[in-house]
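Listed below are the residues making up each chain.
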Amino acid sequence: MKTRYSVALLIETSNSYARGLLHGIRGYVRAHGGWSIYMNEQSRGQSAPTWLNHWHGDGVIARIETEQIAQVLVERNLPTIDLSAARHVPSFPYVETDDREIARAAAEHLLGRGFKHLAYCGDRRFTWSNHRREYFREYVEQAGRELFLHETKVRRGDWQVEQRRLVDWLRELPKPLGVMACYDIRGREVLEACRAAGIAVPYEVAVIGVDDDELICDLSDPPLSSVIPNAHRTGYEAAEMLDRMMAGAEVPTGAHLIPPLGIAVRQSSDILAID
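Notes on the structure in this doc start here. (Residues numbered from 1 in each chain as written. Predicted model: local features only at pLDDT ≥ 70, side-chain atom pairs only at ≥ 80, totals over all residues. Heavy atoms only, no water.)

### A look at the overall build of the protein
Alright, step 1. Scanning the protein for helices and strands turns up eight helices and 12 strands.
Alright, step 2. Taken against the 2.2 N^0.38 rule, which gives 19 Å for 275 residues, the C-alpha radius of gyration of the protein at 20 Å falls within 12% of a compact globule.
Alright, step 3. For the C-alpha atoms alone, the extent of the protein along its principal axes is close to 70 × 35 × 30 Å.
Alright, step 4. Here the protein, with 275 residues, has 54% of them falling under the buried criterion.
Alright, step 5. Taking the intrachain contacts of the protein between residues at least 6 apart in sequence as the baseline, contacts between residues at least 24 apart amount to 70%.
Alright, step 6. When the accessible surface of the protein is split by element, carbon and sulfur atoms take 48% of a total near 12,600 Å².
Alright, step 7. Mean positive and mean negative side-chain charge positions of the protein (32 and 38 charges, respectively) differ by 1 Å. (Helix = DSSP H or I, 4+ residues; strand = E, 2+ residues; numbered from the N terminus. Rg over C-alpha atoms; globule rule 2.2 N^0.38 Å. Buried < 20%, exposed > 50% of the residue type's maximum accessible area, 1.4 Å probe, protein only. Contact = heavy atoms within 4.5 Å. Areas by Shrake-Rupley, 256 points an atom, 1.4 Å probe, with all protein chains shown as cover. Lys, Arg positive; Asp, Glu negative; His and termini not counted. Charge placed at Lys NZ, Arg CZ, Asp CG, Glu CD.)

### Here's the deal with the side chain of Ser6
Alright, step 1. With respect to the element layout, Ser6 can be found in strand β1 (residues 5–10).
Alright, step 2. Judged by relative accessible area, which is 14%, Ser6 ranks as buried.
Alright, step 3. Excluding anything up to four places from it in sequence, Ser6 contacts Ser36, Tyr38, Trp55, Gly57, Asp58 and Gly59.

### Re the pattern of salt bridges
Alright, step 1. The final tally for this structure, using the stated rule, is 18 salt bridges.
Alright, step 2. With a shortest N-O distance of 3.2 Å, Glu134 and Arg137 are connected by a salt bridge. Within this pair, Glu134 and its partner Arg137 are both found in helix α4 (residues 127–142), separated by three residues, close to a single helical turn.
Alright, step 3. Its relative accessible area of 35% is what places Glu134 among the partly exposed residues.
Alright, step 4. According to the relative accessible area criterion, Arg137 is partly exposed, its value standing at 25%.
Alright, step 5. Across the salt bridge formed by Arg266 and Asp218, the nearest N and O atoms sit 3.6 Å from each other. (Salt bridge = Lys/Arg side-chain N within 4 Å of Asp/Glu carboxyl O.)

### Describing the nonpolar core
Alright, step 1. By size, the foremost hydrophobic cluster in this structure holds 25 residues, and its most contacted members are Ile11, Ile25, Trp35, Ile61 and Ile81.
Alright, step 2. For this core, the secondary-structure elements that each account for two or more residues are β1, α1 (16–32) and α8 (231–246).
Alright, step 3. Setting aside anything within four residues of it in sequence, one finds Ile25 in contact with Leu9, Ile11, Trp35, Ile61, Gly235, Tyr236 and Ala239.
Alright, step 4. Grouped together as the second largest cluster of nonpolar side chains are 24 residues, Ile102, Ala107, Leu110 and Trp128 included. (Core = buried A, V, L, I, M, F, W, Y, C linked by side-chain atoms within 4.5 Å.)

### Considering the side chain of Asp184
Alright, step 1. Inspection of the secondary structure assignment puts Asp184 in helix α6 (residues 184–197).
Alright, step 2. Within the buried core, Asp184 has no salt-bridge partner, and the shortest N-O distance to an opposite charge, that of Arg266, equals 6.3 Å.
Alright, step 3. Aside from chain neighbours lying at most four places away, what touches Asp184 is Gly209, Val210, Asp211, Asp212, Asp213, Ile216, Cys217, Leu224 and Ser226.

### A word on α4
Alright, step 1. Between its first and last C-alpha, α4 extends 23 Å over 16 residues, near the 22 Å set by a 1.5 Å rise per residue.
Alright, step 2. For α4, every residue scored as buried is listed here: Trp128, Ser129, Arg132, Arg133, Phe136, Tyr139 and Val140. Along the long axis of α4, the arc covered by the buried residues comes to 140°, so they all point the same way.
Alright, step 3. Against β5 (94–97), α3 (99–112), β6 (117–122), β7 (146–151), β8 (177–181) and β9 (205–210) lie the buried residues of α4.
Alright, step 4. Backbone geometry just after α4 places Gly144 at a positive phi near 75°. (Expected span 1.5 Å × (residues − 1). Arc of directions from axis to C-beta.)

### Side note on the environment of Ser16
Alright, step 1. Counting through the fold element by element, Ser16 comes out in helix α1.
Alright, step 2. Relative accessible area serves as the criterion here: at 23%, Ser16 is assigned to the partly exposed category.
Alright, step 3. Separated by 198 residues in sequence, Ser16 and Glu214 have C-alpha atoms that sit 8.0 Å apart.
Alright, step 4. Not counting residues within four places of it along the chain, the set of residues in contact with Ser16 comprises Asp212 and Asp213.

### Here's the deal with the packing of aromatic side chains
Alright, step 1. By the definition in use, this model includes nine aromatic pairs.
Alright, step 2. On the basis of an interplanar angle of 45° and a centroid distance of 6.3 Å, the ring pair of Tyr38 and Trp51 is categorised as tilted. One end of the pair, Tyr38, is in strand β2 (residues 35–39); the other, Trp51, is in the loop between β2 and β3 (59–62), and 13 residues separate them in sequence.
Alright, step 3. With relative accessibility at 36%, the residue Tyr38 sits in the partly exposed group.
Alright, step 4. Through pairs of rings, three or more aromatic residues link up here, namely Tyr28, Trp35 and Tyr236. (Phe/Tyr/Trp six-rings, centres within 6.5 Å; stacked < 30°, edge-to-face > 60°.)

Shown next as structure tokens:
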């Protein structure tokens, strides 16, 4: 009879990508059985729950995005799979979306629509945003195009200051312009800045985000195009790896990268940039 493992999930429920990871984990558990799940409702970067310090479980799947969570998990010394690009604990195996392939998909989408001027709008707080910026830069430069960059420099709560910076940046850039945003929330902010600047989307500026968060994309005006990560497969394969670790098998500690599914094309980039 298969052992019933106790598994803690330290994954936020506050965004579409993380919920996709949870759906993938659920898919594995339903297919193979044998887990009791422990989890909290939490947000990105939240502290490790206090119950984890005295929890007697068998394994953990976590988005390790702070040193505090990393320290707690190292001290617990349980089989652990990391789902964050931050890599606070390099000794843990990790499964993550392939940022190079995400950047390639966005670059090919914008270049394929004829844009000669490309830009990236990121957030330096996040490792995955920095990776996507550099990979996007690589593809744009390979195509012989110049890349314009904008990064968040203010606290996320001070949206009015950041919007003014975005408006000034967008007004100065040559048009028509294709913009990759590091994720959908940033893409929506770019669209709002275009509205404030009186810039027509997608005729002057086309925008594509990442995550295909349906609610955020459809609340954007116009609706936001987005690269679709395979979050379900990422969660499923993380669960499969943890299952093997808890059974005593060796699992490589390197990266296990999952390519995106494609692009959800919506009005924000549905145009050809032609003379």
